[in-house]
2 protein chains.
Amino acid sequence: MRETLAEWRPAVDEAIADLVPREIDADYLETFYGEATYEYDPDGIQRALADPLWELLDRGGKRWRAVLFLVFVEGFGEDPEEFLRYACIPEILHNGTIIVDDVEDEASMRRGGPALHHVFSQDVALNAGNALYFLPLKLLTAGQTDLPDDRRLAAYEMLMHELNRTHLGQGMDICWHNERDVRVTSDQFLEMCACKTGCLARIVARLAAIVTGQPENVEAAVAEYAELTAIAFQIGDDILDVENSLGRAGDFGKSFGNDIREGKKTLLVIHALEESPPEKATRLAEILAADGNTDDEILEALSIIEEAGSIEYAREQALELAADARAALDGLEFDDETDRKLREFTEFVIERDV
Amino acid sequence: MRETLAEWRPAVDEAIADLVPREIDADYLETFYGEATYEYDPDGIQRALADPLWELLDRGGKRWRAVLFLVFVEGFGEDPEEFLRYACIPEILHNGTIIVDDVEDEASMRRGGPALHHVFSQDVALNAGNALYFLPLKLLTAGQTDLPDDRRLAAYEMLMHELNRTHLGQGMDICWHNERDVRVTSDQFLEMCACKTGCLARIVARLAAIVTGQPENVEAAVAEYAELTAIAFQIGDDILDVENSLGRAGDFGKSFGNDIREGKKTLLVIHALEESPPEKATRLAEILAADGNTDDEILEALSIIEEAGSIEYAREQALELAADARAALDGLEFDDETDRKLREFTEFVIERDV
């Protein structure tokens, strides 16, 4: 395995370029998508698929989904170089969801540039995002891999399970976002994280287990590690937003009171609404429901959250999840090197830029 | 098999309601999506998934993809009632693509009502459309079906192949639509139809062959029938738009010169640009490239198309495709009843409202 995780990025990008070359030609289309009934238009597909994907990839991203996949593969005693192609599956899926999510959220920026639907037209961006949901799944077809049938079927079943739950999570998140009132419970919030963020992490872990032929209990254990880690980091993100806004943490480039302004139903907010005195809780709900907020109102909301002890509560939850995640791996007997890399991965993810 | 094709619609809708009930509850979620890690929010998922899907289904649509699937199943000597669940796969996929396409095309209307992103918010509509890409694919997982493994894997491979090409077709169409000049060849246009419309029809036919265990040559033959039929009807649609605008055909509820106004690169337009005298061709290209057109300009464009013999040319192409489609079935020895239904299906599709 390469010395540091970051060293994998060029190799991962090379593997992605094998699947979606920067320059599309008819040969690639015939080989990857199959013979045309009539005649492909490589120029159109260049602009519809390759240009949006590489615009997004070239802006950055740490490819940590691909790297975590490779860490697991090595931990299972296999050569990561031989499984590089499959590492692209969760990575490309992730980039597809980014493009689609940005349309759904009407995001203006992504990885330091305008969101893709502002660079390309919205129709091109959306279709590219959706195309990236199916493109990596083609890698598991007979013409693309020599994996045995049972592993290919297991991978498809796993992907269908996780990708369905991903859309449940996104659906819940969008619905709550569109509602003024906060009616969601802590457990429902955690479920949303488990589905929306956790399922893609589960795909990383389960795919590594499936393509290398691990037994079910190993697959379940790494899936749990990945899911709980993803939820912990989602909560960590929400804590950082509050702490940055209160001037307590370093500047992570986030705007002041972003989550409050968006009326986001975070674990901190849910806790503060439950634990604050009635008047304060009502005031916090008002600020969250308002269409616009002054900086003073943002500060007021942040103070209510702080006074309710919600930052400590959320931090405890995140730490507990991280500990549970590590505990999920306890029976697996990974080598020391893999253990070190899984710790390194944790740091890596904390410093992520997406 | 039920007496007329239309009689299948209630049965198909009932089968769809088994997959996505009109009223979502926790039991359904646990059964279909698997146990929650924490706790689902059935209300949120009701609004994010069931409401958009049933809003669209209740407005109409003939469910012809499901019905054609059942016709094939019966033609293969199996009981269609037993395969109703799988008939929902192409039908739900189709409804998912409708929702997403309407966002991409910024459509205002669908099946007599506002497009779904105008009824629900765009984020809800889009996520619902995407969720419907994966929901039906879950029917092929072990917990949902007792189909043997080889058929389930064959179905997944087939779906990944066809759904990838669907997005290629949509990508080409969008790209051409965003370009002012018409540079696309007839063969590229036909390829776009084969990918965008043909692949979903191929899914209908191939899935029927796969779940009933037909040999490869049968699957290939019905796929070709479905693909060519879909292309023929796409061209038929484009002819109708021109004929309606010229007052030659009945009113199909289409606006005057719709396709010209949108600058759509149809087979008729491609032919007219190639076959018209240079001055006329230049004028047609100008009108197509303009941001807005007067009714006189639309009429001028329609006349150039008519004078170039493009209507006859397109009709010949469509008839040839339809004949080729029927010829693809020649070796299959379907019973007379199935032959009658496949003819009936052709009429059914011509009268389609979507």
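Residues numbered from 1 in each chain as written. Chains lettered and ligands numbered in written order. Predicted model: local features only at pLDDT ≥ 70, side-chain atom pairs only at ≥ 80, totals over all residues. Heavy atoms only, no water.

**Q** Sorry, what's going on with the overall build of chain A here?
**A** Along its length, chain A carries 16 helices and two strands. Relative to the globule expectation of 20 Å for 354 residues, the C-alpha radius of gyration of chain A, 21 Å, shows essentially globular dimensions. In terms of overall dimensions, chain A has a C-alpha envelope of 65 × 50 × 35 Å along the principal axes. Scored against the burial criterion, the 354 residues of chain A give a buried share of 60%. Considering only intrachain contacts with a sequence separation of at least 6, the fraction spanning at least 24 residues in chain A is 74%. Side-chain charges of chain A comprise 33 positive and 74 negative groups, with the mean position of each set lying 2 Å from the other. (Helix = DSSP H or I, 4+ residues; strand = E, 2+ residues; numbered from the N terminus. Rg over C-alpha atoms; globule rule 2.2 N^0.38 Å. Buried < 20%, exposed > 50% of the residue type's maximum accessible area, 1.4 Å probe, protein only. Contact = heavy atoms within 4.5 Å. Lys, Arg positive; Asp, Glu negative; His and termini not counted. Charge placed at Lys NZ, Arg CZ, Asp CG, Glu CD.)

**Q** Looking at this structure, I do not really get the interface of chain A and chain B. What am I missing?
**A** Size of an interface, as often reported, equals the accessible area lost when the parts are brought together. If you look at the interface, chain A gives 66 residues, while chain B gives 66 residues. Counting the surface lost from both chain A and chain B, the interface buries some 5900 Å², and carbon and sulfur atoms represent 60% of this. Our enumeration of links across chain A and chain B arrives at six salt bridges. Of the charged contacts, one joins Glu157 of chain B and Arg152 of chain A as a salt bridge, the two residues approaching to 2.8 Å between their closest N and O atoms. With 19 residues, the single largest contributor to the side of chain A that touches chain B is helix H8 (residues 149–178) of chain A. Broken down by class, the residue content of the side of chain A that touches chain B amounts to 33 nonpolar, 16 polar and 17 charged. (Buried area = accessible area lost by both parts, 1.4 Å probe. Salt bridge = Lys/Arg side-chain N within 4 Å of Asp/Glu carboxyl O. Nonpolar A, V, L, I, M, F, W, Y, C, P; charged D, E, K, R; others polar.)

**Q** Whenever I open this one, the relation of the copies chain A and chain B confuses me. Can you help?
**A** To go from the first copy of the chain to the second, apply a rotation about an axis and then a shift along the same axis. Note on the identical chains: chain A maps onto chain B by a rotation of 180° and an axial translation of 0.0 Å, with an RMSD of 0.0 Å. Look at the turn and shift together and you get a two-fold axis relating the two. Ranked by how close their C-alpha atoms come to the rotation axis, the residues of chain A are headed by Leu153 of chain A, at 2.7 Å. By residue overlap, the copies meet face to face through one surface: 100% of the interface positions of chain A are interface positions in chain B. (Least-squares fit on C-alpha atoms with pLDDT ≥ 70 in both.)

**Q** Help me understand the packing of aromatic side chains, please; the structure alone is not making it clear to me.
**A** When we look at a pair of aromatic rings, we describe it by the centre distance and by the angle of the planes. Counting across every chain of the model gives 20 aromatic pairs over all chains. Aromatic pair Tyr133 of chain A and Phe134 of chain B: ring centres 6.0 Å apart, planes at 45°, arrangement tilted. Here the residue Tyr133 of chain A occupies a position in helix H7 (residues 122–134), and Phe134 of chain B occupies one in helix H7 (residues 122–134), the pair thus bridging two chains. Plain terms: the ring middles of Phe72 of chain B and Phe76 of chain B are 6.2 Å apart, the flat faces sit at 15° to each other, and that makes the pair stacked. Accessibility classification places Phe72 of chain B together with Phe76 of chain B in one group, the buried group. The rings of Phe72, Phe76, Tyr225 and Phe334 of chain A are connected pair by pair, giving a single aromatic cluster. When the ring centre of Trp54 of chain A is taken as origin, the NZ or CZ atom of Arg22 of chain A, which lies over that ring, is 4.1 Å away. (Phe/Tyr/Trp six-rings, centres within 6.5 Å; stacked < 30°, edge-to-face > 60°. Lys NZ or Arg CZ within 6 Å of the ring centre and 35° of its normal.)

**Q** Please explain the pattern of salt bridges as it appears in this structure.
**A** Residues and elements named next belong to chain B. Under the defined criterion, the tally for this structure stands at 56 salt bridges over all chains. For Asp149, the salt bridge goes to Arg152, with nearest N and O atoms at 2.8 Å. Here Arg152 and Asp149 lie together in helix H8 (residues 149–178), a separation of three residues that amounts to about one turn. With a relative accessible area of 49%, Asp149 lands in the partly exposed category. Given a relative accessible area of 4%, Arg152 falls into the buried group. Two residues, Arg202 and Glu227, come together in a salt bridge whose shortest N-O distance is 2.7 Å. Residue Arg202 is found in helix H9 (residues 186–211), and its partner Glu227 is found in helix H10 (residues 216–245); the two are separated by 25 residues along the sequence.

**Q** Help me understand the domain arrangement of chain A in this model?
**A** All names here are of chain A. Per the domain assignment, the segments making up chain A are domain 1 (1–146) and domain 2 (147–354). Taken residue by residue, the interface counts 37 residues in domain 1 and 38 residues in domain 2. Summing the contributions of domain 1 and of domain 2, the shared interface buries around 3500 Å²; its carbon and sulfur component is 74%. Inspection of the domain 1/domain 2 interface yields one salt bridge. Inspection of the domain 1/domain 2 interface yields five residue pairs in polar contact (both at pLDDT 80 or more). Mapped by element, the contributors of at least two residues to the side of domain 1 that touches domain 2 are helix H4 (64–75) and helix H5 (84–104). (Domains from an automatic or database assignment. Polar contact = N/O pair within 3.5 Å; in protein donor to acceptor, adjacent residues only side chain to side chain.)

**Q** What is the right way to read the packing of helix H13 (residues 278–289) of chain B against helix H14 (residues 295–307) of chain B from this model?
**A** The axes of two packed helices give the description: the angle between them and the distance between them. All names here are of chain B. One way to put it is that H13 packs onto H14 with a least axis distance of 10 Å and a crossing angle of 135°. As far as their axial angle goes, H14 and H13 are oblique. In the crossing of H13 with H14, the sense of the turn from one axis to the other is left-handed. Residues Lys280, Arg283, Leu284 and Ile287 of H13 lie in contact with H14, whose contacting residues are Glu297, Glu300, Ala301, Ile304, Ile305 and Glu307. For the contact of H13 with H14, the class distribution of residues is five nonpolar, no polar and five charged. (Axes fitted to C-alpha atoms, helices over the stretch in contact; angles between N-to-C directions. Parallel < 35°, antiparallel > 145°, perpendicular 65-115°, else oblique. Left-handed = near helix turned anticlockwise from the far one by under 90°.)

**Q** I keep staring at the environment of Glu91 of chain B and nothing clicks. Help me out?
**A** Residue and element names in this part refer to chain B. With respect to the helices, strands and loops of the structure, Glu91 is situated in helix H5 (residues 84–104). Counting along the chain gives 109 residues from Glu91 to Leu200, while the straight-line C-alpha distance between them is 9.3 Å. Other than its neighbours up to four places away in sequence, Glu91 contacts Ile16, Arg63, Trp64, Arg65 and Ala66. Polar contacts involving the side chain of Glu91 include one to the main-chain amide nitrogen of Ala66, which spans 3.3 Å.

**Q** So what exactly am I meant to see when it comes to the environment of Asp25 of chain A here?
**A** All names here are of chain A. Along the polypeptide, Asp25 turns up in the loop between helix H1 (8–19) and helix H2 (26–33). With relative accessibility at 39%, the residue Asp25 sits in the partly exposed group. Separated by 3.2 Å, the side chain of Asp25 and the backbone nitrogen of Asp27 make a polar contact. A polar contact of 2.9 Å, which involves the side chain of Asp25, links it to the backbone nitrogen of Tyr28.

**Q** Could you clarify how one ought to interpret H4 of chain A in this entry?
**A** Each α-helix winds once per 3.6 residues, and so residues spaced three or four apart point in a common direction. Residue and element names in this part refer to chain A. In a regular helix each residue adds 1.5 Å, so twelve residues correspond to 16 Å; H4 covers 16 Å between its end C-alpha atoms and thus fits that length. Considered for burial, the residues of H4 that qualify are Trp64, Arg65, Ala66, Val67, Leu68, Phe69, Leu70, Val71, Phe72, Val73 and Gly75. After H4 finishes, the residue Gly77 shows a positive phi value of roughly 85°. (Expected span 1.5 Å × (residues − 1).)

**Q** Before we go on, may I ask you to explain the nonpolar core in this structure?
**A** One broad trend across soluble globular proteins is that nonpolar side chains are buried collectively. Judged by nonpolar contacts, the single largest core of 250 residues is most densely connected at Phe69, Phe72 and Ile235 of chain A together with Phe69, Phe72 and Ile235 of chain B. The residues touching Phe69 of chain B, leaving out its near neighbours within four places in the chain, are Phe83, Tyr86, Ala87, Val204, Leu207, Ala208 and Val211 of chain B. (Core = buried A, V, L, I, M, F, W, Y, C linked by side-chain atoms within 4.5 Å.)

**Q** Help me understand the side chain of Asn127 of chain B in this model?
**A** By the secondary structure assignment, Asn127 of chain B is in helix H7. Beyond its immediate chain neighbours, meaning those up to four positions away, Asn127 of chain B contacts Glu104, His167, Gln170, Gly171 and Ile174 of chain A.

**Q** What should I look at first to understand the environment of Glu219 of chain B in this one?
**A** All names here are of chain B. In this structure, Glu219 sits in helix H10. With a relative accessible area of 12%, Glu219 lands in the buried category. Separated by 13 residues in sequence, Glu219 and Arg206 have C-alpha atoms that sit 5.4 Å apart. Excluding residues that lie within four positions of it along the chain, Glu219 makes contacts with Met158, Arg206, Ala209 and Ile210.

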